[in-house]
Each structure stands twice: as C-alpha cells, then as structure tokens.
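# Coordinate analysis (summary)
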Amino acid sequence: MKKILFLFLCFYTSLTYSQTKKEVVDYVNPFIGTALKGEGGTVPYVGTPFAMTSFLPQTRENKMGGMAYVYDDKHIMGFLGSHQPTIWMGDYGFMTLMPQSGELKIKATDRQVRLEHGKEVATPYYYKVSYASGKHGGSEITTEMTATSRASFFHITYPKGEKSLLYLEAGRENEGGFIRIYPDKREVHIYNKERHDAHLGPALPGFKGYYVLKFSEDFAGYGTWRDGAVSGKSVQEEGGSVGGYVEFPAGTTWVDVRIGSSFIDFEQAAVNLSKEIPARSSFVSVTKKVKKEWEEKLSKIELEGASEEDRTIFYTAFFRTLQYPREFSEYGRYYSPFDDKVHQGVSYNAYSLWDTFRAEHPWLQIMAPERVDDMVTALVQMYEEGGWIPKWPNPTYTNIMIGTHADAVIADAYINGFRDYDVEKAYEAIRKDAYVPPTDDSLHRWGDREWWNGGYEARGGLSYYLKNGYVADDRTNESVARTLEFALSDYCIAQMAKALGKTTDYEDLMRRAKNYRYLYNPKTKLFQARNADGSWAGEHSGFTEGANWTYQFCVMQDVQGLIDLMGGNESFAAALDNVFDNGHYRHDNEPGHHYVYLYNYCGRFDKAQERIPEILDTHYRNGADGLSGNDDCGQMSAWYLFSSLGFYPVTPASGEYALGIPRFPSARVELPHGKVLTVRAEGLKEHKHLPVILFNGKKLDAPFIAIRDLMKGGVLEFKAE
C-alpha cells in the first residue's frame, strides 16, 4: 500500500508542478560551472543552505585537485556524501553508495555505468538519474536523492527480475574507514577518517565523519569487502580500502535509504537524522521542505525585465553564495578540528577567506544576516582552540594562500553593525595576526601548499614586514602579494581598533596600511619585489597566482594614495585601460575583482559603466562551462550578484559601496530588519551610461553610497543625463 501511495504522491507532485508558475528556485541550474572548460569547480550538490554534509552524483573519485562530478565525464560511479568545498581543497570524512543490480562490483572502473545527461534532473533540493545496470543493458536503476544539512534521503527504483544491491564504500586510502552492518535493525554504520589534505595541517587522531544509514526494506543478504575481496555474511570491517554491500529480497523494486551524518559520533548522526528526516517522513515531503527553504531564500530578490537566461544565471549565482561557509555544529555541539575535541556551541567551516572576504562575506551580510554573527563566533572559537584564526580551514589549519583575511571579514562585519559575538576576543585574534609573526618565521620561505611543518603560517614573512615595511623577497615567497595584502588587512583591523577606542593601534596600523609604497618602482610604475637589503628583486618575482599587472591595483584601502603615486587621475585611468584592453585583466581569479570599480575614484565612472556589462556577458553564462574561473566558495557568484544590482564592496571595513550599473531595469531586494531596497535603471537599453544616481529622490554627488544608508532601504535610481 505504501508503495502505491508513494507513486501517487510523485505523480501528483509532478502534475501540480507542471500546472503552476515557475518558482524562483527552479531557475537554478546546478550544472553551471561543472565542466572542465572554464574550471568553474562547482558540482550539483543537493542540500539546504550552508549544509554540513553535501550529497552529489560522483563521476570520478574525489581527491584534492579535482571535484567528484565533472560534466564532461561519460560515466557515473556512485553517490557521495562530501565535504569538499572546492577543487583546490581535499575531501574529508566522506562516504559513497552505488545502487547496482545483478552482480556486485567493487572497483570504480568496474561499477561505473554510462551517464546520459538527458536522464539527469538537478536542482538545489533534488537530484535524479537513471542508468543501465545488471546483466541486461535495457534494465535501468533510477536513483533520486534529496538532502537537508546533516542528513539525506535516497529513493532507489530497481529493475524487475534482477538482484537488487547497494554498494557502500567506507574508506579508500591509508586512514580508511569502518563499516558495521546491523541486519536485524536494517541499519549500516560507517565512519571515514580520511582527509585528502591532511599533509597540509596538523594530525587529528579523533577525526571521523560518521554516517548512520536506515533502510525501508529487509536485507536478504549482506557482507563486507576489503581491498576488493568480498566476505559474504560478514558484518564488520575496518581498514584502508573497505566497505560493504546490502542485498534486498527478490522482487524488491524500490528502497528508501535515510542517512544521518555527524562529526561527533554515531549516536549524534542518528539524532541529526531523527531531527531532520524523521522515520515518518516521505521522500516527497522532505523534497518539498528543502525546496521551500531554498525558495524562501532565493525569493528575497525579485527581478523585472530579466530574460529567462539572465534569471537562470542570477539565481544560480545566488544559490552558490548560500553554500559556504558550511555549518559545522550539530544541535548545540560541535567537533573542533583545532583541538580535536567536542564543544558546546555553534560552528561553521570551509572559509575560503583569500577569495570570499571581497564579495561573498559582504553579500551574506545582506542575504543571510542571521548567520553572520555565528560565522564570526566560529572564527573566534578557532582562535581560542588552536591559537590562531585559520586562513583556509578544511576542516583544520591548511597553509593555503597568503595573508590573514579573516581580519577583513571580522572588521567589516563589526563596522557594518554585527556585534553578537565576543568582540574583544575577536579583536585580540585579528590583532595577533598583525603583530605576531608565525613560529620560526625567519626559517621558512612559506611556499604555498607546503606540507605541514609543525606550525601555522599566519602572515608568513611578517617579521620582515615589521622591520622593513615590506616582506623581503630573498627571505619569503610571494613577497609583493604578501606586502600588499598585509597592508590591506592592517587597514581593516585599524577601523575596528578606532571604533573600539584603541587609538595607539589605530594610528600604527593606519601607518602600516601605506606600506605598499615601499614596493612601488617609479621607473616601471609597477609594484616590484625588494630584498632584505632594499635592492630591487626580479621584475616578475613575488606574486601569487598572477604577475605585476595582476597586482597593480591591489590597494583598496588607499586608492587616492595609489592614484597620486601613479601620477594622477589621467595616468591612473590609462593604466586601468591598459589592464582591460591588453589582456592583463583576469576575472577568473580574485585579485582583480575590484579593478573595474576603481574608475569611480579617478573621475571615469563612465568607463566603469561601459566595462561592467562586458565582464558580466563574458564570464557568466548558462552552461556547464558558464564560469570563466573557479567559483571559490561563492566569490565569483557574489561578484556577479553585486554587479548585477549596481553596487560593489571595494574596500572592506570602509562602510561604503562603489556604484556601477544595474543589469536589469528593476530589482527588489529584501534587506535585513524588514527593509526593502528597489534598484531601478531608467533607459538601460537605450543608454550605455546612466551617470545620474538618486537615492530616495536625492542626487548623489559621487558614485558611492554608505552601506548604512543603503541598508535602511528605499529606492536607488540610475538615469541618463
């Protein structure tokens, strides 16, 4: 009877959906950015906003340097419970399952089946795929899944007349995992200890990703496997390459599997499952619940005059910005990867700070303000538990990228009114970044992605920066980029120091915020590395993921000072033109994301308005290859969203947005505290420039607006002269 009811509910849901107006969430295309071309680094994750454990189809083995789903791939090999945030980071505490029929297949190359994109359906709240399996090519398995933050729900439809199996992988490499089958309870328990980037951080003896799987049907057979060798009727296995399988009774045509995940223990995984997907839940009801949660979030912005393509690109970008940082606490408790213990409280993880301080975190202040204080609290807790705020927690310290951009995230949140965390402890943490060099700083060159050497990098090269005003190129790698980024962070911390009445710190840090001047070479009119003795180093030495032109304008904290240094407004605008017109601009990476808005500072707002639409058209499209670069935990997407609405946060902790040009004739934005902002662009199709800007009827004197003013709501209008 329950099977008939399920089929009826699915039919009713499909019929109802087809007869109703398309909802905002249904514009999201999770395949954007999943192709190898463009290196978007995204995958079709299913789960609620900021989900702790994400679930996705798997076309290749997950590993550092590659995502588990790539649109170009021709085969699917399983479904993955994953915590991998981006291509540059590793997965950890994961598990894989794969519905099979006929014969059990263990090796990835043996169990993979042909993937046809025409048989895929992907949304933020639901994924479905059908594929041929078993002895007969025409026999198909259909796997459907939905997921909450810490749990998932699979509905598997098996072909008639063949043995119905479910493959399970608990561990794949040295750290491996554990599996225990409970046939009488229709349960399987799995934990996985692997961290693909463990070599980049400290050891975590207590780390495990736990999973409790509960099945709707009895087990007709079961067993475990180790290194590919199967042991029928075995109920437990542990080691490097281990897993198991479950066989269902003859005639079984569908099975429901509910999975709870945890970083604390199996008991907590079961609690998480019971809270998020109770036993009484149907697959349809959970899918609807997750869809509703996404619809409520994405409906905070309404577009008028946007094409169907633009809506897809916009709401997909919006979806991407609501995935990270990911939740890391479990109903009042959390496992800390910074002291390897369980604590009371709230936590988040996966902060891609070198990228996301620029636009992603400012975007969350508008669209997820209820989470900002807790996200700052999580960073402060990491400081208390590990001694430093991390630069890229995954889930613990990794010395990936440079600088300490939690400084900007925390200071910007504080300046913009977020205060529900330990403010003094937060300031103490970011002040340490500015004044305390990492252990044995002079003994390391701090190469990016070095193996963990027993210490956290923090601001590698800070000892030279404090002494000379710049990071010495003959002592520390990426010296120019470090100097510029340290100076920006100093500015951000200074703003918080000023607000807290810490005058001495403020004055010292503001002096240091101008340290970029030490590396400006007046002969080349570019930033250039210097050695410890003051001599110039190589012209192209000292940069991170770029070259001298990539970093030429990385002085967001003192744009006027940079303009003066470069010879005034005309010279500055000409240099910007050179970047955009001669192939130096790289929107696929973050250092240049603010460059187009710098025209505002040198009196050429017209050029900003000319170039912004070009960037939007060139780098964001509706397709698997629709991103020109890695989304980096929402940063690329956040740039698109801000720029589409007509404003952008150039300088963190400044309390100011630079203005651009809206992409749509009108947009309605729900702001924090019940306020509403309407953005209008009059004559957008007829005019390339809309230089007249009014806020609540009053003309603005310059192409900037205070964040505190905009957050009060009202009407922001762009008009032709």
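From a predicted model like this one, the values you see are computed outputs, not experimental measurements. (Residues numbered from 1 in each chain as written. Predicted model: local features only at pLDDT ≥ 70, side-chain atom pairs only at ≥ 80, totals over all residues. Heavy atoms only, no water.)

## Focus on the sheet that holds strand β26 (residues 647–648)
- Strands sit in the order β26-β27-β32 across an open sheet of three strands; the sheet is antiparallel. Two strands lie at the open edges of the sheet, namely β26 and β32 (704–706), each paired on one side alone.
- Both strand β27 (residues 656–659) and β32 contribute to a ladder of three bridges, which runs antiparallel. Residue pairing in the sheet places Y657 in a bridge with I705 of β32. (Pairing = 2+ DSSP bridges. Helix = DSSP H or I, 4+ residues; strand = E, 2+ residues; numbered from the N terminus.)

## Examining the nonpolar core
- F553, F647 and L716 are the most contacted members of the largest nonpolar core, which has 210 residues in total.
- Here the element with the most residues in this core is helix α12 (residues 479–499); it accounts for ten residues.
- In this view, L716 contacts F647, L659, L677, T678, V679, R680, I693, L694, F695, I705 and L710; residues no more than four positions away in its chain are not counted.
- Among the nonpolar cores identified, the runner-up in size contains eight residues, and M52, L204, I264 and Y335 belong to it. (Core = buried A, V, L, I, M, F, W, Y, C linked by side-chain atoms within 4.5 Å. Buried < 20%, exposed > 50% of the residue type's maximum accessible area, 1.4 Å probe, protein only. Contact = heavy atoms within 4.5 Å.)

## Examining the pattern of salt bridges
- If you walk through the whole model with that rule in mind, you get 39 salt bridges.
- Taking the shortest distance from any N to any O, the salt bridge between D474 and R475 comes out at 4.0 Å.
- With its nearest N and O atoms 3.6 Å apart, the salt bridge here joins D625 to R621.
- Among the residues examined, R621 registers a relative accessible area of 36% and is labelled partly exposed. (Salt bridge = Lys/Arg side-chain N within 4 Å of Asp/Glu carboxyl O.)

## Remarks on the sheet that holds strand β16 (residues 236–239)
- Strand order in this open sheet of nine strands is β6-β7-β8-β9-β18-β13-β12-β11-β16, and the pairing throughout is antiparallel. Each edge of the sheet is formed by a strand with only one pairing partner; in this case those strands are β6 (120–122) and β16. Sheet twist, expressed as the average angle between the axes of neighbouring strands with direction ignored, equals 15°.
- Direction of pairing for strand β13 (residues 209–215) relative to strand β18 (residues 254–262): antiparallel, over a ladder of six bridges. Residue L213 lies in a different strand from β18, and its bridge partner there is I259.
- Strands in contact with helix α3 (residues 266–276) are β9 (151–157), β11 (177–182), β12 (187–192), β13 and β18; relative to β18, the strand with the most contacts, it is inclined by about 120°. (Axes fitted to C-alpha atoms, helices over the stretch in contact; angles between N-to-C directions.)

## Thoughts on the packing of helix α8 (residues 369–386) against helix α9 (residues 406–415)
- At a closest axis distance of 11 Å, the pairing of α8 and α9 adopts a crossing angle of 140°. Regarding the angle of α8 to α9, the classification is oblique. Helix-helix and strand crossings are classified by hand; for α8 and α9 the assignment is left-handed. Of the residues in α9, those touching α8 at V372, V376 and L379 are A406, I410 and A413.
- Per-class residue counts for the contact of α8 with α9 are six nonpolar, no polar and no charged. (Parallel < 35°, antiparallel > 145°, perpendicular 65-115°, else oblique. Left-handed = near helix turned anticlockwise from the far one by under 90°. Nonpolar A, V, L, I, M, F, W, Y, C, P; charged D, E, K, R; others polar.)

## Quick look at the packing of helix α5 (residues 308–321) against helix α17 (residues 635–645)
- For the pair α5 and α17, interaxial distance at closest approach is 8 Å and the crossing angle is 130°. As summarised for this structure, α5 and α17 are arranged oblique, according to the angle between their axes. Crossing geometry of α5 relative to α17 is assigned as left-handed. Two secondary-structure elements touch here, α5 through D310, I313, F314, A317, F318, R320 and T321 and α17 through S637, A638, Y640, L641, S644 and L645.
- The class makeup of the residues in the contact of α5 with α17 is eight nonpolar, three polar and two charged.

## Some points on helix α10 (residues 423–435)
- If you check α10, its first and last C-alpha atoms are 18 Å apart, about what 13 residues at 1.5 Å a residue would give, namely 18 Å.
- Inspection of α10 places V423, A426, Y427, A429, I430, D433 and A434 among the buried residues, and these make up the whole buried set. Take α10 and look down its axis: the buried residues cluster within an arc of 160°, on one side only.
- Elements that come into contact with the buried residues of α10 comprise α8, α9, α11 (462–468), α12 and α13 (503–512). (Expected span 1.5 Å × (residues − 1). Arc of directions from axis to C-beta.)

## Comments concerning unusual backbone geometry
- Between Y324 and the following residue, P325, the backbone shows a cis peptide bond with an omega angle of -5°.
- Position of P325 among the secondary structure elements: in the loop between α5 and β20 (326–327).
- Across the junction of N394 and P395, the peptide omega takes the value -10°, indicating a cis bond.
- For P395, the location among the structural elements is in the loop between α8 and α9.
- You will see that M401, though not glycine, has its phi angle at about 65°, which is positive.
- Examined against the element boundaries, M401 turns out to sit in the loop between α8 and α9.

## A word on the confidence of the model for the chain
- Residue-level pLDDT values for the chain average 95, and 96% of them are 70 or greater.
- A low-confidence stretch, residues 1–9 (pLDDT under 50), is modelled with eight contacts involving residues beyond four sequence positions or located in other chains.
- Contacts for the low-pLDDT stretch residues 11–19, under 50 throughout, to residues beyond four places or in other chains number four contacts. (pLDDT = per-residue confidence, 0-100.)

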